[in-house]
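Here's the letter readout for the chains.
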Amino acid sequence: MKMFRPLFLLAAAIQMLTAFAASPTPASALSCARVIPLEEEFARAAAVFRGEVDERRDDGTVALRVDAVWKGADVGPSVVVQPNMWVDFREDGEYVVFAERHDDAWSPILCGNSGTESAFARHALGEPIETFPPPPAQPPEPALTGKTAAFAAAVLVVVAYVSFAAGARWSRRRR
């Protein structure tokens with residue numbers, strides 16, 4: 001029986017090596033190891049636009065202020081985007097997004113070319129089909145107008161009267 005033990009171990013080792021060598025499996029972090037060519041992704045996308053992060057919302061979505069559209073008739077000056085693991089929208093960046101529509105939000109195509117404006121060759125897309133000017137700067141509201149000014153004047157008159165009456169009463173007592 002001792003004589004068969006080395007043969008058994010040798011046979012088991014050969015079987016294990018054969019099993020590992022016969023079935024190699026490629027490994028990658030994502031199932032999409034290659035980036036989609038620009039022309040292919042443009043054809044696949046429902047919309048292609050450029051925008052700046054306007055607001056990060058509690059539900060995880062991001063509102064973008066859009067300034068240029070290359071594709072997508074229903075893209076307006078503001079869109080809601082559902083981030084994915086491929087694009088991390090930060091508040092200090094401008095992004096080119098190749099998007100698919102999911103429910104009420106757009107989502108960047110996974111493994112695609114969406115990303116920061118600085119990392120993207122914008123000239124490859126050509127001229128946008130639509131551009132949106134930045135929103136006009138809101139003029140500061142006057143401090144006191146209309147009802148607010150009338151209320152402030154009434155309060156000022158009441159305070160002045162009470163102060164005058166209290167001062168007069170105090171001066172009579174001192175005499």
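Structure shown above.
On a predicted model such as this, the values are computed, not experimentally measured, just so you know.

Asker: Please provide a residue-by-residue account of the side chain of Ser114, values included.
Answerer: As for its placement among the helices and strands, Ser114 is situated in the loop between strand E5 (105–108) and strand E6 (115–116). Within the structure, the side chain of Ser114 is placed 2.8 Å from the backbone nitrogen of Phe98, a separation counted as a polar contact. Among all residues touching Ser114, those that are not within four sequence positions of it are Glu41, Trp86, Val87, Val96, Val97, Phe98 and Pro108.

Asker: How would you summarise the side chain of Thr61 if you had to cite specific residues and measurements?
Answerer: In this structure, Thr61 sits in the loop between strand E1 (47–56) and strand E2 (62–71). You can call Thr61 buried: its relative accessible area is 6%. Polar side-chain contacts of Thr61 include one of 2.6 Å to the side chain of Asp59. Leave out the neighbours within four places in its chain, and Thr61 touches Glu55, Arg56, Val80, Val81, Gln82 and Pro83.

Asker: Give me the lowdown on the pairing of strand E4 (residues 94–102), citing residues and values where you can.
Answerer: Strand direction decides the pairing type here: E1 and E4, joined by six bridges, are antiparallel. Within E4, the residue paired with Val48 across the bridge is Phe98. As judged from the two bridges shared by E4 and E6, these two strands associate in the antiparallel manner. Considered in E6, the bridge of Tyr95 is made with Thr116.

Asker: Before we move on, could you go through the packing of aromatic side chains and cite the residues and values that matter?
Answerer: Using the criterion set out here, one finds two aromatic pairs in the structure. Ring geometry for Phe49 and Trp106: centres 6.3 Å apart, planes at 65°, overall edge-to-face. Of the two residues, Phe49 sits in strand E1 while Trp106 sits in strand E5, which places them 57 residues apart along the sequence. Pair check on accessibility: Phe49 and Trp106 agree, each one buried.

Asker: Hey, could you go over the environment of Val53 for me, with residue numbers and the actual values?
Answerer: Summarising the element assignment, Val53 is placed in strand E1. On the basis of relative accessibility, which here comes to 6%, the residue Val53 falls in the buried class. C-alpha of Val53 to C-alpha of Tyr95: the two residues are 42 residues apart in sequence and 8.1 Å apart in space. For Val53, the contacting residues outside a window of four places in its chain are Val62, Ala63, Leu64, Phe89, Arg90, Glu91, Gly93 and Tyr95.

Asker: Give a detailed account of the pairing of E5, specifying residues and quantitative values.
Answerer: Residues of E5 alternate between two faces, with Ala105 and Ser107 on one and Trp106 and Pro108 on the opposite face, all of them buried. Two elements, E4 and E5, share four bridges in a ladder whose sense is antiparallel. Directly across from Glu100, in E5, lies its bridge partner Ser107. What sits between E4 and E5 in their antiparallel hairpin is a turn of two residues, with Asp103 showing a positive phi close to 55°.

Asker: Run through the nonpolar core, naming residues and quoting values.
Answerer: By size, the foremost hydrophobic cluster in this structure holds 17 residues, and its most contacted members are Phe49, Leu64, Val75, Val79, Phe89 and Trp106. The set of elements that each furnish at least two residues to this core consists of E1, E2, strand E3 (78–81) and E4. Here the element with the most residues in this core is E2; it accounts for four residues. Setting aside chain neighbours within four positions, we find Leu64 in contact with Phe49, Gly51, Glu52, Val53, Asp54, Pro77, Ser78, Val79, Val81, Phe89 and Val97. Membership of the second largest hydrophobic core comes to 10 residues, among which are Leu38, Ala45, Ala68 and Phe98.

Asker: Quick rundown of the pattern of salt bridges? Include the residues and the values.
Answerer: Going through the model one piece at a time under the given rule, you end up with seven salt bridges. The shortest N-O distance in the salt bridge between Arg50 and Glu94 comes to 3.8 Å. Of this pair, Arg50 sits in strand E1 while Glu94 sits in strand E4, placing them 44 residues apart in sequence. When its relative accessible area of 9% is taken as the criterion, Arg50 is described as buried. Its relative accessible area of 25% is what places Glu94 among the partly exposed residues. A salt bridge links Arg65 to Asp54; the nearest nitrogen and oxygen atoms lie 2.5 Å apart. Residue Arg65 is located in strand E2, and its partner Asp54 is located in strand E1; the two are separated by 11 residues in the primary sequence.

Rules behind the numbers
Residues numbered from 1 in each chain as written. Predicted model: local features only at pLDDT ≥ 70, side-chain atom pairs only at ≥ 80, totals over all residues. Heavy atoms only, no water. Helix = DSSP H or I, 4+ residues; strand = E, 2+ residues; numbered from the N terminus. Polar contact = N/O pair within 3.5 Å; in protein donor to acceptor, adjacent residues only side chain to side chain. Contact = heavy atoms within 4.5 Å. Buried < 20%, exposed > 50% of the residue type's maximum accessible area, 1.4 Å probe, protein only. Pairing = 2+ DSSP bridges. Phe/Tyr/Trp six-rings, centres within 6.5 Å; stacked < 30°, edge-to-face > 60°. Core = buried A, V, L, I, M, F, W, Y, C linked by side-chain atoms within 4.5 Å. Salt bridge = Lys/Arg side-chain N within 4 Å of Asp/Glu carboxyl O.

These figures capture arrangement, not role.
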